[in-house]
Amino acid sequence: MDKFLIRGGKQLRGKVVISGAKNSALPCLAATLLTPETVTLHNVPYVKDLITQRRLLEDLGATVLTPELQTHKVTAKNIETFEAPYELVKTMRASVLALGPLLARFGKAKVSLPGGCAIGTRPIDLHLKAFEQLGAVVSLESGDVVARAPKGRLIGSDVNFEKVTVTGTENVMMAAVLAKGKTTIHNAACEPEIEDLAELLNKMGARLKGAGTPTIEIEGVEGLYSAEHTIIPDRIETGTFIVAAAITGGELEITHCQPNHLRAVIEKLRETGVEIEEISQSSLLVKCCAKGLNGKDVTTEPHPHFPTDMQAQYMALMTQATGQSIVTETIFENRFMHVSELFRMGANIQVSGNTAVVHGKTPLSGAPVQASDLRASASLVLAALSAEGETLIDRVYHIDRGYENIVKKLSSVGADIQRITDNLAMTAEENI
Ligand code: EPU
């Protein structure tokens, strides 16, 4: 398994270009299954999860052309199977996003039920209940979710999510666009990725409004068509680079981003003392920190509040802030796996249930550590960049799932980071 060797203590300086959002590209690629015509997606990040999603589309019978590395032209004309097998789902939970479009267009879908993963149990009961509300018959057969629309087509209905779910909302949006009649999704997720998917679906001919608010209304249509769409910038990658500038006391210009998509992160980091200037609608200048960093509490919540996907990176930064900060994780029950690794590097963090109390500022020193999931890996990279000495991060296949060219991007702004490649086959058994 590949490792990163990082020699810390270098201030990062220069310009970083943000890639397309993984969590938007994943549902947008799934949405290409809704039409036999060609859908072209630009700004798709070249990361492992997107390679897996492409493989899923190809296994189903779609043709995927990539005239450029970040452009995917998908034609799902000759879909031959309606199944996402365990081998794929176990490596990437987002494969469940195939359920909605397959069910909508073909009236049938079979997707292996994802198990728990490193950050929590992560059931998909809310997706399945919503499909039933749209008239699907859903059963569990030998570990697979089998869903059918009895008359071949789903029926528009009211869907009320008990809990906000991002991929659940996306799955129902994709299921409802071809359903007969009107669907209203209540308590929908409001993440920018939902709005991006809605924009693509509307370009394909769907009639969907309200995305980005808790109520989404969808008027089902008879068919969807070819479209071209550019994926939004990755807000979590943006936040991660803001923290990279801050934790190294450097200065980064972050371009091709969308500051409006990460207001809560920007505001919270400003409260701690990070200087973030919006130099245009798509670029930020981050400096840190003339007056030092101060510990501030944070609680993760669905958008527009502070995202769980920035919690681990924020915690790494708080180890370098003066005073105490209380980090409360409300989305996933097991998302503090980075704590024990940060502890090995010298952090002083106490965990109790879903709360971690960081006592700063503690000097960090390089150590061998192990990544446990995508965002935990990012927090270890950040800690290593500010630590004295060498950090060897194992299991970096986690970071390869969602950060495009991270080694190249960090090196280009002065980080001393190197990938140590192990020639043995990768055994990524975790599914996030
Ligand atoms: N939940 C249920 N039942 C369901 C669905 C969700 O109980 O049927 C619970 C989950 O267990 C969790 C909460 O609801 O406690 C929210 O989960 P959600 O469904 O919103 O998460 P997700 O859709 O599986 C997406 C992102 C995650 C991100 C979360 C929260 C994608 C592909 N994944 O996951 O991204 O953390 O939303 O914002 O969009 C990452 O990129 O590192 C990552 C994990």
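Keep in mind it's a predicted model, so treat the numbers as computed, not measured.

## Examining the nonpolar core
Among the nonpolar cores identified, the biggest contains 78 residues, and Leu 34, Met 173, Val 177, Leu 201, Leu 208 and Ile 216 are the most heavily contacted of them. The element best represented in this core is helix H1 (residues 22–31), accounting for six residues. Apart from residues lying up to four places away in sequence, Leu 208 is in contact with Met 173, Val 177, Ala 198, Leu 201, Asn 202, Ile 216, Glu 217 and Ile 218.

## Observations regarding the site of the ligand
Around the ligand, a shell composed of 22 residues is seen, among which Leu 126, Thr 165, Thr 167, Asp 309 and Ile 331 lie nearest. Pro 123 places a main-chain nitrogen or oxygen 3.3 Å from an oxygen atom of the ligand. The side chain of Asp 309 places a nitrogen or oxygen atom 2.6 Å from an oxygen atom of the ligand. Notes on the ligand: free accessible area 830 Å², of which the protein chains cover 90%. Elements with a contribution of two residues or more to the shell around the ligand: H1, helix H5 (125–133), helix H6 (166–176) and helix H12 (374–386). Across the shell around the ligand, the residue classes break down as 10 nonpolar, five polar and seven charged.

## Description of the sheet that holds strand E22 (residues 368–370)
As summarised here, the arrangement of the four strands in space is E22-E23-E1-E24, forming an open sheet in which the pairing is mixed. One side of each edge strand has no neighbouring strand; the edge strands of this open sheet are E22 and strand E24 (416–420). Direction aside, neighbouring strands of the sheet carry axes that sit 20° apart on average. As paired elements, strand E1 (residues 3–7) and strand E23 (residues 390–394) share four bridges and run antiparallel to each other. Bridge assignment links Arg 7 to a residue of E23, and that residue is Glu 390.

## Regarding the sheet that holds strand E18 (residues 298–299)
Across the sheet, which stays open at both edges, the four strands sit in the order E18-E19-E21-E20 with mixed pairing between neighbours. In this open sheet, the two strands that pair with only one neighbour each are E18 and strand E20 (348–352). Sheet topology note: the E20/strand E21 (residues 355–360) ladder contains five bridges and is antiparallel. Its bridge partner lying in E21, Gln 350 is registered against Val 357.

## Digging into the packing of aromatic side chains
Tallying each qualifying case throughout the model produces two aromatic pairs. Aromatic side chains Phe 306 and Tyr 314 sit 5.4 Å apart centroid to centroid with 70° between the ring planes, which places their arrangement in the edge-to-face category. Each member of the pair Phe 306 and Tyr 314 is classed as buried.

## Let's talk about the pattern of salt bridges
Per the stated rule, a full pass over the model turns up 22 salt bridges. With a shortest N-O distance of 2.9 Å, Arg 401 and Asp 49 are connected by a salt bridge. A residue pair is termed long-range when its members are at least 10 positions apart, and Arg 401 in the loop between helix H13 (397–400) and helix H14 (406–412) and Asp 49 in helix H2 (residues 48–60) qualify at 352 residues. With a relative accessible area of 3%, Asp 49 lands in the buried category.

## What to know about the confidence of the model for the protein chain
One rule of thumb: low pLDDT means the predicted coordinates there are not for detailed reading. Confidence in the prediction of the protein chain, expressed as mean pLDDT, is 95, and 97% of residues score 70 or more. In this model, residues 425–432 is a region of pLDDT below 50 whose contacts with residues beyond four sequence positions or in other chains number 30 contacts.

## What to know about helix H11 (residues 337–344)
Every buried residue of H11 is accounted for by His 338, Val 339, Glu 341 and Leu 342. Tucked into the core, H11 has its buried residues touching helix H10 (311–318), E20, E22 and H12. The positive-phi residue at the C-terminal boundary of H11 is Gly 346, with phi of around 115°.

## A short note on the environment of His 359
You can see His 359 is positioned in strand E21. Distance in space between the C-alpha atoms of His 359 and Gly 181 is 55 Å, their sequence separation being 178 residues. Within the structure, His 359 has its side chain in polar contact with the side chain of Gln 350 (distance 3.2 Å).

## Topic: the side chain of Asp 373
Locating Asp 373 in the fold gives a position in the loop between E22 and H12. With no salt bridge to any partner, buried Asp 373 finds its closest opposite charge in Arg 335, at an N-O distance of 4.1 Å. A distance of 3.0 Å separates a polar side-chain atom of Asp 373 from the backbone nitrogen of Arg 375. Of note is the side chain of Asp 373, whose polar atom sits 3.2 Å from the backbone nitrogen of Ala 376.

What counts and what doesn't
Residues numbered from 1 in each chain as written. Predicted model: local features only at pLDDT ≥ 70, side-chain atom pairs only at ≥ 80, totals over all residues. Heavy atoms only, no water. Core = buried A, V, L, I, M, F, W, Y, C linked by side-chain atoms within 4.5 Å. Buried < 20%, exposed > 50% of the residue type's maximum accessible area, 1.4 Å probe, protein only. Helix = DSSP H or I, 4+ residues; strand = E, 2+ residues; numbered from the N terminus. Contact = heavy atoms within 4.5 Å. Near = heavy atom within 4 Å. Polar contact = N/O pair within 3.5 Å; in protein donor to acceptor, adjacent residues only side chain to side chain. Areas by Shrake-Rupley, 256 points an atom, 1.4 Å probe, with all protein chains shown as cover. Nonpolar A, V, L, I, M, F, W, Y, C, P; charged D, E, K, R; others polar. Pairing = 2+ DSSP bridges. Axes fitted to C-alpha atoms, helices over the stretch in contact; angles between N-to-C directions. Phe/Tyr/Trp six-rings, centres within 6.5 Å; stacked < 30°, edge-to-face > 60°. Salt bridge = Lys/Arg side-chain N within 4 Å of Asp/Glu carboxyl O. pLDDT = per-residue confidence, 0-100. Lys, Arg positive; Asp, Glu negative; His and termini not counted.

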